[in-house]
Every structure is written in C-alpha cells, then in structure tokens.
Amino acid sequence: MDKKKRVVLIGGGFAGLNFIKRLYNSKDYHITLVDTNNYNYFTPLLYQVATGFLEPSSISYPFRKLFQGKEVAFRMADVVRVNAERNTVYLSDGGTLVYDLLVFAAGSKSNFYGNESVRKNATALKGIDDALYMRNRLIEILEKASVEQDPIEKAKLLTVVIAGGGPTGVEVAGMLAEFKDTILAEEYPEMLNATLKVYVVDGAPHLLAPMSGKTHKAAYSILKRLGIHVILNVQVTSYENDEVHLS
C-alpha cells in the first residue's frame, strides 16, 4: 500500500467507471470511489423507470459487487469540501480521505436557469430517486383521475407538461404516448374515454437541438403523430398553483 498512489474518485457514473476500468489491474494505484449512491445506473433508461416500464433493478448494479476482487474501495457519502493543500477530502459521513490524485467525475445537476418556482415545484429526472418519485406521482395522479367526477379537474389531472425537448424530454413524451395508447385503457377502464394530454415545451426552434436537422424533423414528426403537443421557441417562466406559465 505504501508504494501505491492513493486515488480518490468522486462519482461512479459512466466517466468514473471507465476511469476505474483502466486502472484497477494496475499495481501502482489504490482507488477509493466516493458516491452518493451505492450503485451505478444506466442513465439513458431512467425515463423507462419514471414511466413504469422498467424496474430500478433492471438499470442499476451495486458498486461493491462490481468491484469484488479488485483493488477498489467504496465510500457511500457526499463530498463536503476539499483541502487541496493537505490533499484531503472531507465527507458527509464525518470521515476524511487522503489522496495523491483526486479525480472528479460527479456528473451534472438539472439546470433550472434560476427559476425558483420551477425548481421547487417541478419534478426533475436525473437519478433513480427522481424516476421513482415521478413514477409514484404518476400512479397517484391516475388513481385520483380515475374517480374524479369534475371534468375540468379530471382534465387537469390528465395533463402533463415536459419542460425541455432534449433527449430525456422527448423520450419521456414518447413513453407517455405509449402509456396512453396501451396501458391506460387496459389498467384504468374507468378512463376509457379520457384523454391524457402531454405537452413538450422548449425554448429552441427544434427538438433535440444539438443533433442533426434530419433528427429535428424526425423527432417532431414522430411526437406529433403520437399525439404529443409540441411548443417550440417558448420557455416555461413559472410553475405555481398547478399552472404552467409560458413566455
């Protein structure tokens, strides 16, 4: 151990695991991974967990099982601060880690662009906890809608607004469209004639803005065909008291 360089890695997502994969057979390093969760998860399929089409276990795997027999230690904690002069990381569990090399691969957070009402009231979709919250909230709302007699209140319960027409927003919209065309009628016969309205709102002129023009057109065409309402060149300015306000 004295001869090995101590590597502390913050974050066990795609970047973190690929970094570890390159080093764990080396005799020169001892790695300690620090992550808020004790599992890695496949972020591109979060939307399927959020809409109830997959279970969390289908897209996640525990770090400790992954690292069995490897020169990798694991700490389930958040980073509180780093003292670069002392090469020390302070953790939320009260512990500290001393390092020779510190690597940050902590991923990203949802950007609400300073919009506090949206940050407080909307549902973000970044991790498995978010996906489970969204799934449970969706089920709760559908159960309420199934017994609601007031048509205006029922229509409100069956309206979903997705702020953001990037990959996650488009994928969630597509799954909700599949949900309303298949599962809704099968599992909620009380809502046979009800309509689940899904809106995608994005400030850019195209869906999937960073991608190709061909992709822009295909995404727009497919969502429209699925009955999704797409609103472009418009931003969500606030979300309070069950009302979404647009620019």
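Residues numbered from 1 in each chain as written. Predicted model: local features only at pLDDT ≥ 70, side-chain atom pairs only at ≥ 80, totals over all residues. Heavy atoms only, no water.

K.L.:
What am I meant to see in the sheet that holds strand S5 (residues 72-76) here?
P.N.:
Hydrogen bonds between backbone groups are what pair the strands of a sheet, and the pairing can be parallel or antiparallel. Across the sheet, 4 strands lie side by side as S5-S2-S1-S9; this open sheet has parallel pairing. Two strands close off the open sheet at either side, each with one partner strand: S5 and strand S9 (101-104). Across the sheet, the mean angle from the axis of one strand to that of its neighbour is 20°, orientation sign disregarded. Direction of pairing for strand S2 (residues 29-35) relative to S5: parallel, over a ladder of 5 bridges. When the bridges of S5 are listed, valine 34 appears paired with arginine 75. (Pairing = 2+ DSSP bridges. Helix = DSSP H or I, 4+ residues; strand = E, 2+ residues; numbered from the N terminus. Axes fitted to C-alpha atoms, helices over the stretch in contact; angles between N-to-C directions.)

K.L.:
Just to check I follow, could you spell out the sheet that holds strand S12 (residues 229-232) for this structure?
P.N.:
Ordered in space as S10-S11-S12, the 3 strands form an open sheet in which the pairing is parallel. Strand pairing shows two members of the sheet lacking a second neighbour, strand S10 (159-163) and S12, which therefore form its edges. Each neighbouring strand pair of the sheet contributes to a mean axis angle of 20°, computed without reference to strand direction. Strand direction decides the pairing type here: S10 and strand S11 (residues 197-202), joined by 5 bridges, are parallel. Across the sheet, threonine 159 pairs through a bridge with lysine 197, a residue of S11. Running at roughly 160° to S10, helix H7 (residues 167-187) makes contact with S10 and S11 of the sheet. (Contact = heavy atoms within 4.5 Å.)

K.L.:
Could you clarify how one ought to interpret the side chain of lysine 4 in this entry?
P.N.:
Position of lysine 4 relative to the elements: it lies in the segment before strand S1 (5-10). Side-chain polar atoms of lysine 4 contact the side chain of glutamate 71, separated by 3.4 Å. If near-sequence neighbours (up to four positions away) are discounted, lysine 4 is found in contact with Lys27, Asp28, Tyr29, His30, Glu71 and Asp100. (Polar contact = N/O pair within 3.5 Å; in protein donor to acceptor, adjacent residues only side chain to side chain.)

K.L.:
I tried to follow the pairing of S11 on my own but got confused; where do I start?
P.N.:
On a regular strand, each side chain points to the face opposite its neighbour's, so the side chains alternate between the two faces of the sheet. For the crossover that starts at S10, traverses H7 and ends in the parallel S11, the hand is right-handed. Note that the unit made of S11, helix H8 (residues 213-225) and S12 has a crossover that is right-handed. (Right-handed = clockwise from strand over helix to strand, strands pointing away.)

K.L.:
Looking at this structure, how should I read the side chain of asparagine 83?
P.N.:
For asparagine 83, the location among the structural elements is in strand S6 (residues 79-83). Polar side-chain contacts of asparagine 83 include one of 3.1 Å to the backbone nitrogen of arginine 86. When sequence neighbours within four positions are dropped, the list of residues in contact with asparagine 83 reads Thr88, Tyr90 and Tyr99.

K.L.:
Please explain a nonpolar patch on the surface as it appears in this structure.
P.N.:
A surface patch of nonpolar side chains, about 200 Å² in accessible area, is lined by Val161, Val244 and Leu246. Assignment of secondary structure puts valine 161 in strand S10. (Patch = residues over 30% accessible without salt bridge, like charges linked within 9 Å, V, L, I, M, F, W, Y side chains within 5 Å. Areas by Shrake-Rupley, 256 points an atom, 1.4 Å probe, with all protein chains shown as cover. Salt bridge = Lys/Arg side-chain N within 4 Å of Asp/Glu carboxyl O.)

K.L.:
Explain unusual backbone geometry here, please?
P.N.:
One can expect most non-glycine residues to show negative phi and most peptide bonds to be in trans. The residue asparagine 87 is not glycine, and still its phi comes out positive at about 50°. By secondary structure assignment, the location of asparagine 87 is in the loop between S6 and strand S7 (88-91). A positive phi angle, close to 65°, is found at aspartate 242, a residue other than glycine.

K.L.:
Help me understand helix H1 (residues 14-23), please; the structure alone is not making it clear to me.
P.N.:
Since the α-helix turns once every 3.6 residues, residues separated by three or four places project in the same direction. Three or more residues of H1 are buried, namely Gly16, Leu17, Ile20 and Leu23. Looking straight down H1, one finds that the buried residues subtend no more than 125° of arc, so they occupy a single side. Summarising the geometry of H1, the exposed residues directed more than 90 degrees from the buried face are Ala15, Lys21 and Arg22. In the core, the buried residues of H1 are packed alongside S1, S2, strand S3 (39-41), helix H3 (63-66) and S5. (Buried < 20%, exposed > 50% of the residue type's maximum accessible area, 1.4 Å probe, protein only. Arc of directions from axis to C-beta.)

K.L.:
Would you explain the pairing of S1 in this entry?
P.N.:
Pairing of S1 with S2 involves 6 bridges; the strand directions are parallel. Opposite valine 7, over in S2, you have isoleucine 31 as the bridge partner. What joins S1 to S2 is H1, and the crossover it makes is right-handed. By the bridge criterion, 4 bridges tie S1 to S9 in an arrangement that is parallel. Bridging from a neighbouring strand, valine 8 pairs with leucine 102 of S9.

K.L.:
How should I be thinking about the nonpolar core in this particular structure?
P.N.:
As a rule of thumb, nonpolar side chains are buried together in soluble globular proteins. Ranked by size, the top nonpolar core spans 39 residues in total, and within it Leu142, Ile162, Val198, Leu223 and Ile228 carry the most contacts. Listing elements by their share of this core, those giving two or more residues are S3, helix H2 (46-50), helix H5 (128-147), S10, H7, S11 and H8. Excluding its chain neighbours within four sequence positions, the residues that come into contact with isoleucine 162 are Gly169, Val172, Ala173, Leu176, Val198, Tyr199, Val200 and Val201. Core analysis: the next-biggest nonpolar cluster, separate from the first, contains 11 residues, Leu17, Ile20, Leu23 and Phe67 among them. (Core = buried A, V, L, I, M, F, W, Y, C linked by side-chain atoms within 4.5 Å.)

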